[in-house]
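Tertiary structure, described
Each chain, written out:
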Amino acid sequence: MAAEPIPRSALTRYAWLSIAAAAATILLKGVAWWLTGSVGLLSDAIESFVNLAGALMALWMLTLAALPADDDHAYGYSKAEYFSSAFEGFLILLAAVSIGYAAIARLLQPQPLEAVGVGLMVSVLASVVNLATARTLMKVGKENNSITLEADAQHLMTDVWTSAGVIVGVGLVWLSGWLWLDPAIALLVAGNIVWTAWHLMRRSLAGLLDASLPPDRLAQIESLLAVYRQQGLDFHALRTRQSGSRSFVSLHVLVPGNWTVQQGHDCVERIEDEIRQCLLHAHVTTHLEPLEDPVSMSDQGLERASGPDKNPP
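Structural notes, computed from the coordinates.

Each helix and strand counted, the chain has 8 helices and 3 strands in total. Each helix and strand of the chain, placed in order from N terminus to C terminus, yields the pattern α-α-α-α-α-α-α-β-β-α-β. Buried residues in the chain amount to 45% of all 313 residues. Per element, the accessible surface of the chain, about 15800 Å² overall, is 66% carbon and sulfur.

On to the pattern of salt bridges, then. Per the stated rule, a full pass over the model turns up 4 salt bridges. Of the charged contacts in the structure, one is a salt bridge between E150 and K142, with a shortest N-O distance of 3.9 Å. For E150, a relative accessible area of 7% corresponds to the buried category. Of the residues examined, K142 reaches a relative accessible area of 53% and is grouped as exposed. Linked through salt bridges whose partners overlap, the residues forming this network are E222, R229 and D234.

With 19 residues, the main nonpolar core has V50, I92, I99, V166, V189 and I193 as its most contacted residues. Those elements that provide at least two residues to this core are α3 (80–108), α5 (147–176) and α6 (181–208). If one sorts the elements of this core by residue count, α6 sits on top with 7 residues. Residues L225, Y228, I271 and L279 belong to the second largest nonpolar core, which totals 18 residues.

With that settled, consider the packing of α3 against α5. Between α3 and α5, the least distance of the axes is 8 Å, while the angle of their chain directions is 20°. Taken together, the axes of α3 and α5 lie roughly parallel to each other. Residues E81, Y82, S84, S85, E88 and I92 of α3 pack against I147, T148, A151, D152 and H155 of α5.

What follows covers the packing of helix α1 (residues 12–36) against α5. Each pair of packed helices can be described by the angle between their axes along with the distance between the axes. It is the contact of α1 with α5, at a shortest axis distance of 11 Å, that shows an interaxial angle of 20°. Of the possible angle classes, the one that applies to α1 and α5 is roughly parallel. The crossing of α1 and α5 is left-handed. The segment α1 lies against α5, with Y14, A15, S18 and K29 engaging L149, D152, L156, D159 and S163. Looking at side-chain class alone, the contact of α1 with α5 contains 4 nonpolar, 2 polar and 3 charged residues.

In the structure shown here, the tally under the stated rule is 0 aromatic pairs. The ring of F248 carries R241 above its face, with NZ or CZ at 4.1 Å from the centroid.

Another point: a nonpolar patch on the surface. Taken together, F87, F90, L93, L94, V194 and M201 make up a surface patch of nonpolar side chains, about 460 Å² in accessible area. Counting residues per element, the ones that place at least two in the nonpolar patch are α3 and α6. Looking at the nonpolar patch, the element that brings in the most residues is α3, giving 4 residues. Take L93: its relative accessible area is 31%, and that puts it in the partly exposed class.

A separate point is the side chain of S18. Relative to the helices and strands, S18 is located in helix α1. The buried category is assigned to S18, whose relative accessible area is 1%. Here the side chain of S18 touches D152 through a polar contact of 2.6 Å, side chain to side chain. Leaving out residues up to four positions away in the same chain, S18 has contacts with A55, T133, L137, D152 and L156.

Let us look at the sheet that holds strand β1 (residues 234–243). Strand order in the open sheet formed by 3 strands is β1-β2-β3, and the pairing between neighbours is mixed. Strands at the two margins of the open sheet, each flanked by one partner only, are β1 and β3 (282–290). Here the strands of the sheet are splayed against their neighbours by 10° on average, with no regard to which way each runs. Relative to β3, strand β2 (residues 246–255) runs parallel, the two being bridged by 9 bridges. Bridging across to β3, S250 finds its partner in T285.

So, about α5. Between its first and last C-alpha atoms α5 spans 43 Å; for 30 residues at 1.5 Å apiece the expected length is 44 Å, and the two agree. A positive phi of about 80° marks G177, the residue just after α5.

Quick look at the environment of L225 now. You can see L225 is positioned in helix α7 (residues 215–229). Using a relative accessible area of 1% as the deciding quantity, one classes L225 as buried. It is 7.6 Å that separates the C-alpha atoms of L225 and F235, two residues lying 10 residues apart in sequence.

Thresholds applied
- Residues numbered from 1 in each chain as written.
- Predicted model: local features only at pLDDT ≥ 70, side-chain atom pairs only at ≥ 80, totals over all residues.
- Heavy atoms only, no water.
- Helix = DSSP H or I, 4+ residues; strand = E, 2+ residues; numbered from the N terminus.
- Buried < 20%, exposed > 50% of the residue type's maximum accessible area, 1.4 Å probe, protein only.
- Areas by Shrake-Rupley, 256 points an atom, 1.4 Å probe, with all protein chains shown as cover.
- Salt bridge = Lys/Arg side-chain N within 4 Å of Asp/Glu carboxyl O.
- Core = buried A, V, L, I, M, F, W, Y, C linked by side-chain atoms within 4.5 Å.
- Axes fitted to C-alpha atoms, helices over the stretch in contact; angles between N-to-C directions.
- Parallel < 35°, antiparallel > 145°, perpendicular 65-115°, else oblique.
- Contact = heavy atoms within 4.5 Å.
- Left-handed = near helix turned anticlockwise from the far one by under 90°.
- Nonpolar A, V, L, I, M, F, W, Y, C, P; charged D, E, K, R; others polar.
- Phe/Tyr/Trp six-rings, centres within 6.5 Å; stacked < 30°, edge-to-face > 60°.
- Lys NZ or Arg CZ within 6 Å of the ring centre and 35° of its normal.
- Patch = residues over 30% accessible without salt bridge, like charges linked within 9 Å, V, L, I, M, F, W, Y side chains within 5 Å.
- Polar contact = N/O pair within 3.5 Å; in protein donor to acceptor, adjacent residues only side chain to side chain.
- Pairing = 2+ DSSP bridges.
- Expected span 1.5 Å × (residues − 1).

Here it is as structure tokens:
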């Protein structure tokens, strides 16, 4: 059974946490870059600006997604969360371009690093802030099925690993004197950021195109329906989609034709309730059909042909 969710409007406080963390890491990494002159640390600081922009977008979209359904948006505003993750992916791409430009310039004109020890200590502190924030956002995002918080957490974790790489690279430059290592690692950072951006944008596109629920959640539904099949019922035309934090499930329920309307209604109510217990924020729609009628098996496709035999006068 799904954990008790946090009210959607309350999730915005975690966006504020992300905003505060981004502001703190911008300051810390900016200081680290200023002390050392490292383009690797500069690339790290630039990514923190992307974190801030993404966190602000997340706050806006979480606020919008929490709005109740209305006459113009009968299915609610939950898809707004996909705009947040797509926007963050776009910002990450811009950051990658900026980092790559700075790294190539430094490769052509290497410069020595200064105050490396202090700069690295400040960068480590910024990474700890990001790590703690990312773990919190990921936990809350998974528990509440919020792609916005999960995307923000994944980006912060990428920032943590990026910072780790930069710290190692700057340390190696300090120890070896090989100045080319600093911009070379910055280019690797840019490549890693591009991969993160692609992942976020692909997931956002899947949501906007009404992709089905993940295989593990589909398996939960099938397992539940298998119990009812053993009782003589049948099902088809199962369709699912994810819309931000909300799941939509529709299916046809085939019951004995001699059942009363009340019996069929009570049965589908139980099935809908059990699906909602399995899936967080699920909206379930069922269509009741008689098992014995051949027409019941002809409407499994999304587009159902019409005609005299399908729709008698």
